[in-house]
Amino acid sequence: MARFIDFGDVCELPPRRTENAAEARGLVYDQAVKAAVDHLYDEVADFVTPMEWPAIAPLVHGINQLKKQRNAVVLAHNYMTPDVFSLVGDFRGDSLQLAREAAQTDAEVIVQAGVHFMAETSKILSPDKTVLIPDTRAGCSLAASVTGADVRLIRQKYPDYPIVTYVNTTADVKAECDITCTSSNAVQVVETVARDWGVDTVIMIPDEFLAKNVAANTDIKIIAWHGRCEVHEKFSAEDVRQIREAHPGTLVLAHPECPPDVLEEADFAGSTSALAHYVSEHAPQKVVLLTECSMSDNVAAENPGVEFVKPCNLCPHMKRITLENIYDCLKTMQHEVTVDEDVRIRAKAAIDAMLALPKMATPPGFKVGQGAVPLEVI
Ligand code: 13P
Ligand code: SF4
């Protein structure tokens, strides 16, 4: 069983279910449900109390039945709560893995257990499938920080440089860019596009910190946009020092959406899948993941011997996705995500350029322990 060290009130977890959400949907915890899903309880035993299980099990069973009826799959990002991630996610992973899966799946319906830009990416890659998002309010501060019109202005100002966009953007923005990247392949994308264009400078939008962290890992010059992830920008180098003091021997792993001074003090940095992979490979005694809260829970489930220090921050957008609204969206086939065909074709070209890059066997890490590289932020 995973062990957690509570680190004060930094992490505000969503409230536990107080009423029987299953009963409200006409679902009951009967013998058939018990036989079908009770064996799954162990996977979430660290996060779901036995008292909550009768409310959760019928929802899980209901979702599984609807998935069969609708020929649907649930793509679950690493930031989903463990009930969603482990119990109903058919494919789980980071933004890159989910995009690849969306392009390949034979299912007719994709339910995106993630945020809106991820659902748009799925629709862009699989236009003939019905893509559903359980809550349309599941946005992203990075995606909200830049528009297609902004990118057109950037293009006017810097016509000679390629524009790389993080996948955390709207379809409109992707449609104006040359290639997308995720935190798993950002350095690879920047270096490839610079080589293909024969330039030494690349524009990278919208995450200022990711751009700065990429700049520290390449000789390519980077011009960054001023977007921030509202979750990762909260971590500071001081947090890392406090964790090390309070919990000696803790391995500190950080997501590259964190400020560069956090990576300077961390032991390893990488995308969500790189962090999960690092924990499995190194099996540290004690670890802290400086990223969204649910990551630790999901990685802990796979690494029972590892102790997790949890000064995590919660993504309010990711936390909008619940078992209840996944059930509702499969039942009612709402809310469908659509993308204008002209925008889709242009956005797809940018995503395809990324997906065409050689697949890396292991998600790479970012350099840690070095200072920030000065760069232009527009
Ligand atoms: P990755 O899963 O690609 O590391 O992305 C993290 C993130 O913040 C997604 O919103
Ligand atoms: Fe966006 Fe940050 Fe939430 Fe990811 S964690 S969806 S980047 S706000």
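Further up the page is the structure itself.
## A look at the site of ligand 2
Around ligand 2 there are 13 residues in total, and Cys140, Ser141, Cys229, Val231 and Cys315 lie nearest to it. Considered class by class, the residues forming the shell around ligand 2 number seven nonpolar, three polar and three charged.

## Digging into the environment of aspartate 46
Its place among the elements puts aspartate 46 in the loop between helix H1 (31-37) and helix H2 (53-70). It is 9.3 Å that separates the C-alpha atoms of aspartate 46 and proline 82, two residues lying 36 residues apart in sequence.

## Quick notes on the packing of helix H5 (residues 116-125) against helix H15 (residues 341-355)
It is at 9 Å that the axes of H5 and H15 come closest, and there the two elements cross at 100 degrees. What the angle tells us is that H5 and H15 run roughly perpendicular. Each of Thr121, Ile124 and Leu125 in H5 lies in contact with H15, whose residues at this interface are Arg344, Ala347, Lys348 and Ile351. Among the residues forming the contact of H5 with H15, the class breakdown is four nonpolar, one polar and two charged.

## Quick look at helix H12 (residues 272-282)
For an α-helix the count is 3.6 residues per turn, leaving residues at separations of three or four pointing the same way. If you check which residues of H12 are buried, you get Thr272, Ser273, Ala274, Leu275, Ala276, Tyr278 and Val279. Alanine 283 sits one or two residues past H12 and shows a positive phi near 40 degrees.

## Overview of the packing of H12 against helix H13 (residues 293-302)
The N-to-C vectors of H12 and H13 enclose an angle of 35 degrees; their axes lie 10 Å apart at closest approach. Taken as a pair, H12 and H13 cross one another with a handedness that is right-handed. For the pair H12 and H13, the contacting residues are Thr272, Leu275, Ala276, Val279 and Ser280 in the first and Met295, Val299 and Glu302 in the second. When grouped by side-chain class, the residues that make up the contact of H12 with H13 number five nonpolar, two polar and one charged.

## What to know about the site of ligand 1
The environment of ligand 1 is formed by Asn78, Asp94, Ser95, Leu96, Asn168, Thr182, Ser183, Ser184, Cys229, Glu257, Ser271 and Thr272. Classifying every residue of the shell around ligand 1 by side-chain character gives two nonpolar, eight polar and two charged.

## Brief notes about the sheet that holds strand E2 (residues 72-77)
With parallel pairing, the four strands of this open sheet are ordered in space as E3-E2-E4-E5. Every interior strand has two partners, whereas the edge strands, strand E3 (91-93) and strand E5 (130-132), have only one. Taken pair by pair, the neighbouring strands of this sheet meet at an average axis angle of 20 degrees, ignoring direction. Two elements, E2 and E3, share three bridges in a ladder whose sense is parallel. Residue pairing for E3: histidine 77 is matched across the bridge by glycine 93.

## Re the environment of valine 231
You can see valine 231 is positioned in the loop between strand E9 (221-224) and helix H10 (237-246). Its 24 C-beta neighbours within 10 Å are what place valine 231 among the buried residues. Placed 134 residues apart in sequence, valine 231 and glycine 365 show a C-alpha to C-alpha distance of 20 Å.

## Considering the sheet that holds strand E6 (residues 163-166)
Taken in spatial order, the five strands make up an open sheet running E7-E6-E8-E9-E14, and their pairing is parallel. What marks the edges here is a single partner per strand, and that holds for strand E7 (179-181) and strand E14 (376-377). Note that E6 and E7 share three bridges and pair parallel. Residue tyrosine 166 lies in a different strand from E7, and its bridge partner there is cysteine 181. Here H15 sits on the sheet in contact with E6 and E7, set at roughly 60 degrees to E7.

## Some points on unusual backbone geometry
If a residue is not glycine, its phi is most likely negative; likewise, a peptide bond is most likely trans. Here isoleucine 205 and proline 206 are connected by a cis peptide whose omega angle stands at -10 degrees. Within the secondary structure, proline 206 sits in the loop between strand E8 (201-205) and helix H9 (208-215). Residue histidine 335 is reached from glutamine 334 by a cis peptide bond, and omega for that bond is 10 degrees. The topology assignment puts histidine 335 in the loop between helix H14 (323-332) and H15.

How each quantity is defined
- Residues numbered from 1 in each chain as written.
- Chains lettered and ligands numbered in written order.
- Predicted model: local features only at pLDDT ≥ 70, side-chain atom pairs only at ≥ 80, totals over all residues.
- Near = placed C-beta within 6 Å.
- Nonpolar A, V, L, I, M, F, W, Y, C, P; charged D, E, K, R; others polar.
- Helix = DSSP H or I, 4+ residues; strand = E, 2+ residues; numbered from the N terminus.
- Axes fitted to C-alpha atoms, helices over the stretch in contact; angles between N-to-C directions.
- Parallel < 35°, antiparallel > 145°, perpendicular 65-115°, else oblique.
- Contact = placed C-beta atoms within 7 Å.
- Buried ≥ 20, exposed ≤ 12 C-beta atoms within 10 Å, placed from the backbone.
- Left-handed = near helix turned anticlockwise from the far one by under 90°.
- Pairing = 2+ DSSP bridges.

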